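# Structural overview
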Amino acid sequence: MEKNLLPVLILREMVLFPSRELRIEFDTMEDKQLLSLIESCYQGTMLVVTPVDFLETHFELGELPFLGVEAKLKLKMEMPNGKTRIILEGLERRSVLGYHVEDEITMAEVSFFSEEEIDPKEESAYARSLLKQLHRYIKQVPYISNAILSEVTDTLPLSKLTDLVADMLPTTFSRKLDYLNEVNPVERVKMLRNDMSQDIKVFELEQAIDEKVEKELAESQKEFVLREKLQVIKKELGESNDKDDEINTLKQRVNALKCPPKVKQRLKLELRRYEMASPNSPEVGIIRDYVDWLLSLPWSYQTRDVSSLPEVKRILDSTHYGLEKVKDRILEYLAVKQNTDHSKSPILCLVGPPGVGKTSLAMSIAKSLGRRATKMSVGGIHDEAEILGHRRTYVGASPGRIIQGMRRVKTTNPVFIIDEIDKMTKDIKGDPASALLEVLDPEQNMSFADHYIEEEYDLSKVMFIATANYIEQIPLELLDRLELITISSYTEYEKLDIARNYLIPRALSEHGLTEIEVQFEEAAILSLIRFYTREAGVRELERVIASILRKIVKHFLLDKTIASCLVTSSLVEEYLGPKKYSYTPFGGDILPMEVTTYQGNGTLILTGSLGKVMQESAQIAFSYVKSKAQELGIPIEFMEKSDVHIHVPEGAVVKDGPSAGIALTTALISLFLDQKVSKTIAMTGEMTLRGRILPIGGLKEKVIGAHRSGIKEIYLPKANQNDLEEIPDDVKKDLVFHLVDHYQEIYRSLFASKKKKQEKRKELLTYR
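Everything numeric here is computed off the predicted structure, so don't read it as measured data.

With that out of the way, let us pick up the packing of helix 18 (residues 522-531) against helix 20 (residues 569-576). Taken N-terminus to C-terminus, the directions of helix 18 and helix 20 make an angle of 40 degrees; their axes are 8 Å apart at the nearest point. With respect to their mutual orientation, helix 18 and helix 20 come out oblique. Of helix 20, the residues touching helix 18 (which contributes Ala-523, Ala-524, Ser-527 and Leu-528) are Ser-569, Val-572 and Leu-576. Partitioning the contact of helix 18 with helix 20 into residue classes produces 5 nonpolar, 2 polar and no charged.

Mapped onto the fold, Met-463 is located in strand 12 (residues 463-468). Along the primary structure Met-463 and Ser-345 are separated by 118 residues, whereas in three dimensions their C-alpha atoms are 5.1 Å apart.

With that settled, consider the sheet that holds strand 7 (residues 347-351). The sheet built from 5 strands is open, its strands ordered 8-9-12-7-13 with parallel pairing. Whereas interior strands pair on both sides, the edge strands pair on one side only; in this sheet they are strand 8 (373-377) and strand 13 (483-486). Along the sheet, successive strands turn relative to each other by an average axial angle of 20 degrees, direction set aside. In the sheet, strand 8 pairs with strand 9 (residues 415-419) via 5 bridges, with the strands oriented parallel. By the bridge assignment, Ser-377 is partnered in strand 9 with Asp-419. Taken strand by strand, helix 12 (residues 358-369) contacts strand 7, strand 8, strand 9 and strand 12, and its axis lies near 165 degrees from that of strand 12.

For the rest of this paragraph, the subject is a nonpolar patch on the surface. On the surface, a cluster of nonpolar side chains totalling about 270 Å² of accessible area is made up of Leu-205, Ile-209 and Val-213. Along the polypeptide, Ile-209 turns up in helix 6 (residues 185-236).

Quick look at the confidence of the model for the protein chain now. Per-residue pLDDT for the protein chain averages 82, and the proportion of residues at 70 or more is 90%. Segment residues 583-587 is flagged for pLDDT under 50; beyond a separation of four residues in sequence, or across chains, it makes 30 contacts in the model. Contacts of residues 760-768 to residues separated by more than four positions or lying in other chains number 0 contacts, the stretch itself having pLDDT below 50.

Taken as a whole, this structure holds 7 aromatic pairs when the rule is applied. A ring pair is formed by Tyr-747 and Phe-751, whose centres lie 6.0 Å apart and whose planes are at 35 degrees; its orientation type is tilted. Of this pair, Tyr-747 and Phe-751 both sit in helix 27 (residues 743-767), separated by 4 residues, roughly a single helical turn. By relative accessible area, Tyr-747 is classed as buried at 6%. Looking at Phe-751, the relative accessible area reads 1%, which means it is buried. The aromatic ring of Trp-293 is capped on one face by Arg-407, whose charged end is 4.0 Å from the ring centroid.

In this section: the environment of Gln-519. Of note, Gln-519 is situated in strand 14 (residues 518-520). Assessed through its relative accessible area of 44%, Gln-519 is described here as partly exposed. Linking Gln-519 and Val-567, residues 48 residues apart in sequence, is a C-alpha distance of 6.1 Å. Ignoring anything within four residues of it in the chain, the contact list for Gln-519 reads Cys-565, Leu-566 and Val-567. Reaching out from Gln-519, the side chain makes a polar contact with the backbone oxygen of Glu-515 at a distance of 3.5 Å.

The next point concerns the nonpolar core. With 54 residues, the main nonpolar core has Phe-520, Leu-528, Ile-545 and Val-567 as its most contacted residues. Broken down by element, the residue count for this core peaks at 8 residues, all from helix 17 (residues 492-510). If you look at the next biggest cluster of nonpolar residues, it comprises 53 residues, including Ile-247, Cys-259, Met-406 and Ile-418.

Before going further, it helps to examine the sheet that holds strand 19 (residues 681-683). The strand order 19-22-23 describes an open sheet built from 3 strands, whose pairing is parallel. Because the sheet does not close on itself, it has two edges, and the strands there are strand 19 and strand 23 (736-740). Direction aside, the axes of adjacent strands within the sheet are offset by 20 degrees on average. As paired strands, strand 19 and strand 22 (residues 713-717) are joined by 3 bridges and run parallel to one another. Bridging from a neighbouring strand, Ile-681 pairs with Glu-713 of strand 22.

Attention shifts here to the packing of helix 19 (residues 539-558) against helix 20. Two elements in contact, helix 19 and helix 20, have axes separated by 10 Å at closest approach and are oriented at 85 degrees. Between helix 19 and helix 20, the angle falls in the class roughly perpendicular. Residues Val-544, Ser-547, Ile-548, Lys-551, Ile-552 and His-555 of helix 19 pack against Val-572, Tyr-575 and Leu-576 of helix 20. When the residues that make up the contact of helix 19 with helix 20 are grouped by side-chain class, the tally is 6 nonpolar, 2 polar and 1 charged.

Attention now moves to the environment of Leu-606. Mapped onto the elements of the fold, Leu-606 is located in strand 17 (residues 604-607). Exposure remark for Leu-606: the relative accessible area of 24% places this residue in the partly exposed category. For the pair Leu-606 and Ile-646, spaced 40 residues apart in sequence, the C-alpha to C-alpha distance is 5.1 Å.

As for its placement among the helices and strands, Thr-568 is situated in the loop between strand 15 (565-567) and helix 20. In terms of polar contacts, Thr-568 uses its side chain to reach the side chain of Ser-570, at 3.0 Å. When near neighbours in sequence (up to four residues on either side) are disregarded, Thr-568 contacts Glu-521 and Ala-524.

Our focus in this paragraph is a negative patch on the surface. Together, Glu-206, Asp-210, Glu-211 and Glu-214 make up a region of like negative charge exposed at the surface. In this structure, Glu-211 sits in helix 6. Since its relative accessible area comes to 57%, Glu-211 is described here as exposed.

The rules behind these values
Residues numbered from 1 in each chain as written. Predicted model: local features only at pLDDT ≥ 70, side-chain atom pairs only at ≥ 80, totals over all residues. Heavy atoms only, no water. Axes fitted to C-alpha atoms, helices over the stretch in contact; angles between N-to-C directions. Helix = DSSP H or I, 4+ residues; strand = E, 2+ residues; numbered from the N terminus. Parallel < 35°, antiparallel > 145°, perpendicular 65-115°, else oblique. Contact = heavy atoms within 4.5 Å. Nonpolar A, V, L, I, M, F, W, Y, C, P; charged D, E, K, R; others polar. Pairing = 2+ DSSP bridges. Patch = residues over 30% accessible without salt bridge, like charges linked within 9 Å, V, L, I, M, F, W, Y side chains within 5 Å. Areas by Shrake-Rupley, 256 points an atom, 1.4 Å probe, with all protein chains shown as cover. Salt bridge = Lys/Arg side-chain N within 4 Å of Asp/Glu carboxyl O. pLDDT = per-residue confidence, 0-100. Phe/Tyr/Trp six-rings, centres within 6.5 Å; stacked < 30°, edge-to-face > 60°. Buried < 20%, exposed > 50% of the residue type's maximum accessible area, 1.4 Å probe, protein only. Lys NZ or Arg CZ within 6 Å of the ring centre and 35° of its normal. Polar contact = N/O pair within 3.5 Å; in protein donor to acceptor, adjacent residues only side chain to side chain. Core = buried A, V, L, I, M, F, W, Y, C linked by side-chain atoms within 4.5 Å. Lys, Arg positive; Asp, Glu negative; His and termini not counted. Charge placed at Lys NZ, Arg CZ, Asp CG, Glu CD.

Next up, the structure:
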C-alpha cells in the first residue's frame, strides 16, 4: 500500500468531491500562510478534510476524519478587500493513516484506496440506472437546473459519475459528507437513487398539500380578514398587547419542532387554550410553562458516536489508570453497535469504594463516545416525584430529574449518570427505586411517562451509568436491571502509578507549575500514600498533593531566588507535619475485637455500634460455641454462669455485615479456652449455626487491608478461592491463605493442636 505525506486543509460546512472544483475565500492570516506554504513547498497539493462538527473552532488531531480528498491548488488570487480567493480541484479520495504536527502544520499520512473492480457491463448498467433516475428527478423537481445533464451524460467511470451527481444534488451538508465517506461507487448509486426518489415523493406530497391549501384558503380567508380587523380595532382601542406576537412566535416554533405527531398535536391544543385564556387567569402561567418544557426537550436530535475503537480506548486510557473490565465493556458495546447498528444502550453500574473514580470514569466514557453527559445524584432522595415529576395540578409543579437532565443535555442519546444509586430511601411519599424501574428497563424506557409532561418520551437511546458504593444496598428490583462492574480499591503501587501519571501532572497544571519546576521523588509519593492517606481511592491523595504544591507556590513567590523544588520524604514531613498513620489499608481495614467474661447468668452483651446483621452474627457465634461446648472442651456450667461482653473498638463508627462470623466464633473460643490467637492471623467469612462457612464479598480490599496491617495468615471461605486471582502478586507472596469449608477446620488448626500439647504437658508434670 503506497503511503504519502500531505499538508491538511480543514474545510467547514463545505465538501470537496474528487473530479470537482470548489471556490473558497480565506481572510485569516493563518489560512493565508498555510496556502502560501502549500503552494511553495508542496506544489499546491494538499489533503482536504471536512469535520462533522463545523461549528468547532479548534480540532484535536484525534477528532479529524480518517478520510479526505487529495486536492490541487488550481488558482490563487489576492482580492482588493484583503481576502484570498482560491479554486481547489479534487483529485482522489485518500485514507488517512494518522495525523501529526510538523513545523506548526498539520500533516496527514495517507494511502490510496484500492477500489474493487466492477464488471464493465455492470458498471454501464448502474450508470444508465442513475442517469435515468436523474432525468426523472430533473423533470419533476423544479428547483434543480437541467444544465447538470450536459456534464454527466456518458460520464464514466462510475465513481466519477456518482461524485458529479452528489456534488450537484441539492441536499444537506451532512448528507454530502455521507456521499463522500462512501468509497464504493455502487453503494453511492444506491444512496443517490434513494435520495432522489425520496425528494420526488416529498415534492409530490407538497403539490398535493398546496392544492388542498388553495382549496381551503377561500374558507380560511374570511377568518383571517376578520382577525386582522380585530387586531386593528384592538390597537385603536389601546387594548393591544404582546401576547399575540408571542403566540405567533410559539406557533412558528411548534411548526418547526421535530417531534412525534402526538406531541405536536398536544402543543397545538395547549396553544389554543393559551390563546383563549384571560391574561389574568392563573392558568396562563401553567400553560406557558408546560409549552416551554415541550418545546425545549430534545425529541429527535442525537449526536454521532465515535466510530474508531482505538480512539475510544485512547481517550479512556488517557483519563483513567487500569479499569480494563470497564474499558473492555465500552469497546464491546461500540463493536456490537457498529456490527448491527441497532444495539441497545447498556445499563451499567460501577460499584466500588469512594474515591476510586466511578463518576469521573462515567464522564470519560461519555467523552470517549463523543456523547454529551448529564448527571443526577439520587443519594438521599425519598420522594418518587423527584424521578417521575409532579402532576400539573399542583402549585409549582415541575418535571422529574430525568426530564430535567434531558432538557439540559439537548440530545436524545446522552450518557446519563445516576450517582449514589445505593443511597435512596423510601417513605410515605413513595419509593424512588421503584420509580427508576421504568427508566432503567430497556423494554419499557422507550415510552417513559413523566407525570408533568404527560406524553411518552423515548429514553431507549440513552446510555445510563449508575454508581454505587455497596452492592448490598442497591434495591433488589433495580439490581436485576443493572450490569454490575466492580471497581476495586487501588494497591500501593497502583496509587503510585496514578499519582505519577495522572494526579501530579494535573495538579501541577492547576497550580501553574511545570514538571521542570517541581519534581516528586518516588519515595516521597510512597510516603504520602503510606503515612498521610487512608482510603480506598485516591481522593485524599490528590488533596495532600495539592496541599504540598500550594506551599511550594507560596515559597516561590516569597523567595524569587528559588526556581525549582524536589519533593523528598523529609520535605513531605516538613510540609504536612508528623505522619498520621502507621499503615494504609488501601480500601480494607482489620476489625479488632475485644472479648471478656465475668460472673453472671449467660448473657451476651454487644457494643461498638454494631449493625443488625453483625449483631445476628455474634448471636450465631455464641449459639454455635454453646452447642459445641463439649466437643470444644468448654465447661457448659462456666458459660451458663458467666456473662460475655464483645466490643468492637471505634464505637462511633457503625459496623455491619456477616463477614465477621468466624472471627467472632474464634474470639469466644479463645476466651473460654484461655488460649491466645496470634495477632498475625486474620479471618473473614459468614458462618451458619451448623458451622458451615459461606463466601463473602470485597475479598480483595479485605486482604490488602490485612496485608498492610502486618497480617501473615488469613482464613478464608473456600468458596472465595477464585477471588484470590484478583489480589496483586506483591500482596499474595507475603501471605498464607487457609481455605476452609467448616469451622471445625479452623478449630483444629488454632486450638485442638495446642490443647493436645497442653494435656501432654500436664501428664508429664504429673508423672514427674
